[in-house]
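# Chain and residue survey
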Amino acid sequence: MIEMTLREIADVVGGTLHDVPDPEVTVTGSVEFDSRRISSGDLFLALPGERSDGHDFAGAAVAAGAVAVLAAKPVGVPAIVVTPDSGAVPATSVALAHDSDGSGAAVLAALATLARISVERLSAAGGLTVVGVTGSSGKTSTKDLLAAVLAPLGPVVAPPGSFNNELGHPWTALRADTGTRFLVLELSARGPGHIAALAHVAPPRIGVVLNVGTAHLGEFGSREAIAKTKGELVEALPPAGLAVLNADDQQVAAMADRTTARVVTVGQTERADIRATDIRLDDEARAGFTLHTPSGSVPVRLAVHGEHQVGNALAAAAVALECGADLDTVAQALSGARAASARRMDVRTTAEGVTVVNDSYNANPDSVRAALKALVTMSRAGGTARRSWAVLGEMGELGEESVIEHDRIGRLAVRLDVDRLIVVGTGRPSRAMHQGAVMEGSWGEESILVPDIGSAIALLDDEVEAGDVVLVKASKSVGLWEVAEHLTSAERARGHAGGTRAGSNTEAAGVSERSERTEGTAAFCRTTEPSVSEAES
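Here goes a summary of the coordinates provided. (Residues numbered from 1 in each chain as written. Predicted model: local features only at pLDDT ≥ 70, side-chain atom pairs only at ≥ 80, totals over all residues. Heavy atoms only, no water.)

For alanine 381, the location among the structural elements is in the loop between α13 (365-380) and β19 (388-392). You can call alanine 381 buried: its relative accessible area is 16%. Between the C-alpha atom of alanine 381 and that of aspartate 283, which follows or precedes it by 98 residues, the distance is 4.7 Å. Beyond its immediate chain neighbours, meaning those up to four positions away, alanine 381 contacts Asp282 and Asp283. (Helix = DSSP H or I, 4+ residues; strand = E, 2+ residues; numbered from the N terminus. Buried < 20%, exposed > 50% of the residue type's maximum accessible area, 1.4 Å probe, protein only. Contact = heavy atoms within 4.5 Å.)

Moving on, we come to the side chain of asparagine 164. With respect to the secondary-structure elements, asparagine 164 resides in the loop between β9 (156-157) and α5 (168-173). With a relative accessible area of 0%, asparagine 164 lands in the buried category. Side chain to side chain, asparagine 164 and glutamate 186 meet in a polar contact 3.1 Å long. (Polar contact = N/O pair within 3.5 Å; in protein donor to acceptor, adjacent residues only side chain to side chain.)

Across the sheet, six strands lie side by side as β17-β18-β22-β19-β20-β21; this open sheet has mixed pairing. For this open sheet the edge positions go to β17 (346-349) and β21 (447-450), each flanked by a neighbour on one side alone. With direction set aside, neighbouring strand axes in the sheet form an average angle of 15°. Against the sheet, α13 engages β17, β18 (355-358), β19 and β22 (469-473), with an angle of about 170° to β22. Helix-sheet contacts for helix α15 (residues 428-440) involve β19, β20 (420-424) and β21, and the interaxial angle to β21 is about 165°. (Pairing = 2+ DSSP bridges. Axes fitted to C-alpha atoms, helices over the stretch in contact; angles between N-to-C directions.)

Across the sheet, five strands lie side by side as β2-β7-β6-β5-β4; this open sheet has mixed pairing. The open sheet is flanked by β2 (16-18) and β4 (31-32), the only strands paired with a single partner. Of the pairings in the sheet, the one linking strand β5 (residues 43-45) to strand β6 (residues 68-71) comprises three bridges and is parallel in character. The residue of β6 that forms the bridge with leucine 45 is leucine 70. Against the sheet, helix α1 (residues 6-13) touches β2, β5, β6 and β7 (79-81), its axis set at about 15° to β7. The strands touched by helix α3 (residues 103-124) within the sheet are β4, β5 and β6, with β6 carrying the most contacts at an inclination of about 115°.

Here α3 contains 22 residues, and its C-alpha end-to-end distance of 32 Å stays within 8% of the 32 Å for a straight helix at 1.5 Å per residue. Positive backbone phi, approximately 85°, marks glycine 126, located one or two places after α3. (Expected span 1.5 Å × (residues − 1).)

Given below as structure tokens:
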């Protein structure tokens, strides 16, 4: 963020100074809501968590080097205090799920204001370009590709993982400083107006809309409502800006009429300004294709997995070209880009020869279909068929369409000829997925319904063999990454070497917790973390 004195920050956010001996002290660092991550010169955010309150960590944060605390009440150390407003807590807010009195809402509103001031000043100075990305799926993967293709042009700030809601968005925006050339942001939504609000926090010059799918269909009510909300991003662009739209998605392409910015379309259709042809997949479902642009064509071979990554790569290419990259640099950057965010098509082969595709961060019908197709491609590559396993859990927030969509996924697994389907869960959606597979023609134990993660792990430990390919995917709330992390754990490998089953649901959960803490997300601790993302929304 730009350097500001405590007096300036208080004036900007409408707060009052408490226990501040010198109002001219400057915040030279950034903002942080994890007291363990405080560095000298930072501003600490006091936010309510599940079991404790960030205000209780104010003293520790200042002792660790924070200049002051942005809080909703005096905390006995230097603080900028804003007034709580219980009426300002949105019913759908995940970040404010534990805000009982409006204190968190007040701090987040102040954070948003501070982020906007910082971004506006950096942009006005001519050094910062803000790029926003939205869509029902693929935001995080595209964000990672964007960071890779823009890096040759200058310093890039992009969110770790899926920092894309009313907390993660301004937190990321405030990572940009006078040395930052590009700020890449994800914009998520759980209802109308959410993307417009995020765009107001950090006004983008370039907006990318990937697709309109069924994620959070239960909260939006219809795909049309989702499309209307996703289009809020292009409506926020200035006339001198650029909208990058997916020409292969009719609802996205129609957003061209909703913006005053220039429009560049991407896709596989011949109508697209930037398009892909000659798409082919290697043994690990990594796509190669010819990238066609108005300035020429060039071959690209992606290092990320899944054919669906082609569309993400096209969007990233369009942005990089707009920002001044040449075609060869774009192709080289795309070909060298690796998955930077955890649990998104993370492909690993164990010492036993089992290939594990950990795509467990989140799930919606579109992303599950893409992952299943990648699984089948990988299992059939190389001339020798390998046994394919799909370990799937519930896809959340699909509303009245939930049972139907889960049934469709079960049927698709059979149509794609996935060898084994393990459906994890006891709810109606999980049963519908299993039953869909059975009704489509699954027989014997090709599809099996298990009650929990431990049961899935036990089954896999008993039956997975060298050469098998295992996909793990579900909504984040299911926590199915425990299965993937168990399969790739050293403990399991040692257990199999000794002829016994290794690991348990408890051990797998421990692996998951350690991995979550090192993923790049911020938290007071595991039990007090305010959510920074609305993944797959």
